[in-house]
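Coordinates in review
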Amino acid sequence: MGAVTTSEGGRQSAELTVEQSETYADWFSCLSDPTRVRALSAVAMAAGGSIRTGDLARQLGISQSTCSHHVRRLAEVGFVRVDKVGRTTQISVDVACCASLPHAADVVMGAMRQVPCCQDDLPGGVDIRAMTGADMEAVRAIYAAGIATGNATFETDVPSGDVLLSKWIPGHRWVATIGADVVGWAAISPVSTRPCYAGVGETSVYVDESARGRRVGTTLVHRQVTEADRAGLWTLQTSIFPANRASLRLHHSAGFRTLAVRERIARRDGVWRDTVFLERRSPVDDPVRSLEQRQESAERHR
């Protein structure tokens, strides 16, 4: 998990355009009908990813004509797709639109800025540099403090420095310093060893309690995402406990969007916990080519 337990941040704001407001209003208006909400939920959870109109009507306990009316409204705003398969009508979720729904709520409620990362809004006095083996004692101490809060990670024990360094992607391990003191760290782990996922990483950010309120997390995440974009990583993801509102605000401010709440995904200390799953897509036009160029350069300099 990539949670940071800080009290930094605060409400972020950016004026919505008229077009955005109209789109979001149409989405929310569509979902103002409880039967429509139930219909969308049933389609989203249908086995095989789709459901026939007749089956959906029976599941909801409504007539087929009423069901068709609600499905048409859901299709108009882009929540579902309606396809003819032989003589039957199959309804499926439009993944692209529904994935944007939590993001829309975040924007409207001021939890996410329109600009993914504000480069001229960084605090002074906080320096970021590459993590080294000499930093591991401080890194592990900050990690241990985060674990102790119970709201940062499912981990209950701090791995060794060697294990952590081997887990994180070289070139994507950072520490924040104030003066000579390490006060936070950030790192990215690969989500898979398969080549097709080479540009996908899972982020972690931790800030020492002594540095809370100094926007250390903001500075770390800024370096993390900008270096990831430069290196050709096309997707960053993280999972955060819902109770960790500061971390959610921090990641939203850096362009992460909420994709889902994963209910009872795992247990910590015998208690089932939910997590909020967030993702940030790179704005780089061709991240795959950027990654290939970086890999070619690394090979030439070995």
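This text follows the structure it describes.
The shown structure was predicted, so the numbers you read here are calculated from the model rather than taken from an experiment. (Residues numbered from 1 in each chain as written. Predicted model: local features only at pLDDT ≥ 70, side-chain atom pairs only at ≥ 80, totals over all residues. Heavy atoms only, no water.)

Notes on the overall build of the protein
Definition in use: Only DSSP runs of H or I with at least four residues qualify as helices, and only runs of E with at least two residues qualify as strands; both kinds are numbered from the N terminus onward. Relative accessibility decides the category of a residue: with a 1.4 Å probe and only protein chains considered, values under 20% of the type maximum give buried, values over 50% give exposed, and everything between is partly exposed. For the accessible areas, the method is Shrake-Rupley and the probe is 1.4 Å, while residue cover comes only from the protein chains on display.
From N to C terminus, the protein includes 10 helices and 10 strands. Every one of the 302 residues in the protein was classed for burial, and the buried ones make up 45%. Entry remark: accessible area of the protein is about 15,600 Å², with carbon and sulfur atoms responsible for 49%.

A look at the packing of helix α3 (residues 53-60) against helix α4 (residues 64-76)
This is how it is decided: Geometry is summarised by axes, namely lines fitted to C-alpha atoms with helices restricted to the contacting stretch, and by angles between N-to-C directions that run from 0 to 180 degrees. Orientation categories follow fixed angle ranges, with anything under 35 degrees roughly parallel, anything over 145 roughly antiparallel, 65 to 115 roughly perpendicular, and all other angles oblique. It only takes one pair of heavy atoms within 4.5 Å for two residues to be counted as in contact. Residues are grouped as follows: Ala, Val, Leu, Ile, Met, Phe, Trp, Tyr, Cys and Pro are nonpolar; Asp, Glu, Lys and Arg are charged; all remaining types, including Gly, are polar.
Running from amino to carboxyl end, α3 crosses α4 at an angle of 105°, the nearest separation of the two axes being 9 Å. The orientation of α3 relative to α4 falls into the category roughly perpendicular. Within the contact between the two elements, α3 uses Thr53, Gly54, Leu56 and Ala57 and α4 uses Gln64, Cys67, Ser68 and Val71. Tallied by class, the residues present in the contact of α3 with α4 amount to four nonpolar, four polar and no charged.

Some words on the side chain of His252
The following threshold applies: Here a polar contact is recorded for every N or O atom pair within 3.5 Å, except that within protein the pair must consist of a potential hydrogen donor and a potential acceptor, and residues adjacent in sequence are included only if both atoms are side-chain atoms.
Its location among the elements puts His252 in helix α9 (residues 245-253). At 3.0 Å, the side chain of His252 and the side chain of Thr258 are in polar contact.

What about the sheet that holds strand β4 (residues 127-130)?
What counts here: Note on pairing: DSSP must find at least two bridges between two strands before they are called paired.
If you walk across this open sheet you meet the seven strands as β4-β5-β6-β7-β8-β10-β9, and the pairing is mixed. The open sheet has two free edges, formed respectively by β4 and β9 (257-268), since each of these has just one partner strand. If you compare each strand with its neighbour and ignore which way they point, the axes differ by 30° on average. Running at roughly 160° to strand β7 (residues 200-207), helix α8 (residues 216-231) makes contact with β4, β5 (173-178), β6 (181-190), β7, β8 (235-240) and β10 (271-281) of the sheet.

Overview of the pattern of salt bridges
Applied cut-off: Criterion for a salt bridge: a side-chain nitrogen of Lys or Arg within 4 Å of a carboxyl oxygen of Asp or Glu.
Tallied over the entire structure, the rule returns nine salt bridges. Arg73 is the salt-bridge partner of Glu76, the closest N and O atoms lying 3.4 Å from each other. On the criterion of helical spacing, the pair formed by Glu76 and Arg73 is a turn pair, its members being three residues apart in helix α4. Here the salt bridges share partners, and the residues they tie into one network are Asp26, Arg73 and Glu76.

Some points on the environment of Leu60
Locating Leu60 in the fold gives a position in helix α3. On the accessibility criterion, Leu60 (8% relative accessible area) is buried. For the pair Leu60 and Thr35, spaced 25 residues apart in sequence, the C-alpha separation works out to 7.8 Å. Excluding anything up to four places from it in sequence, Leu60 contacts Thr35, Arg38 and Ala39.

A look at the nonpolar core
Put simply, the rule is: Throughout this description, the term nonpolar core refers to a set of buried Ala, Val, Leu, Ile, Met, Phe, Trp, Tyr and Cys residues connected via side-chain atoms within 4.5 Å.
If you look at the biggest cluster of nonpolar residues, it comprises 26 residues, and the most contacted ones within it are Ala176, Val216, Leu220 and Leu236. When residues of this core are traced back to their parent elements, those giving at least two are β5, β6, β7, α8, β8, α9 and β10. The element that contributes the greatest number of residues to this core is α8, accounting for five residues. Residues contacting Ala176, with those up to four places away along its chain left out, are Val126, Asp127, Ile128, Asp181, Val182, Val183, Gly184, Val216 and Leu220. Residues Tyr24, Ile51, Leu56 and Cys67 belong to the second largest nonpolar core, which totals 22 residues.

Focus: the pairing of β10
Bridge count between β8 and β10: six bridges; the pairing is antiparallel. By the bridge assignment for β10, Ile240 is matched with Val276. Where β9 and β10 come together, eight bridges link them in antiparallel fashion. If you follow Arg257 over to β10, its bridge partner there is Glu279. Counting the residues that bridge the hairpin from β9 to β10 gives two residues, and of these Asp269 lies at a positive phi of roughly 55°.

Overview of helix α6 (residues 136-149)
In plain terms, the rule: By this rule, a helix spans an expected 1.5 Å times one less than how many residues it contains.
With 14 residues, α6 should cover 20 Å at 1.5 Å per step; its first-to-last C-alpha distance of 20 Å lies within 8% of that length. Close packing links the buried residues of α6 with α7 (161-167), β5, β6, β7 and β9. Just downstream of α6, Gly150 is the residue with a positive phi angle, here 80°.

Section: the sheet that holds strand β1 (residues 50-52)
Two orientations exist for strands paired in a sheet by backbone hydrogen bonds: parallel and antiparallel. Ordered by their spatial adjacency, three strands build an open sheet running β1-β3-β2, and the pairing between neighbours is antiparallel. For this open sheet the edge positions go to β1 and β2 (80-85), each flanked by a neighbour on one side alone. The sheet shows a mean angle of 30° between the axes of neighbouring strands, taken without regard to direction. The sheet contacts of α3 involve β1 and β3 (88-93), and relative to β1 the element is tilted by about 85°. Against the sheet, α4 engages β2 and β3, with an angle of about 120° to β2.

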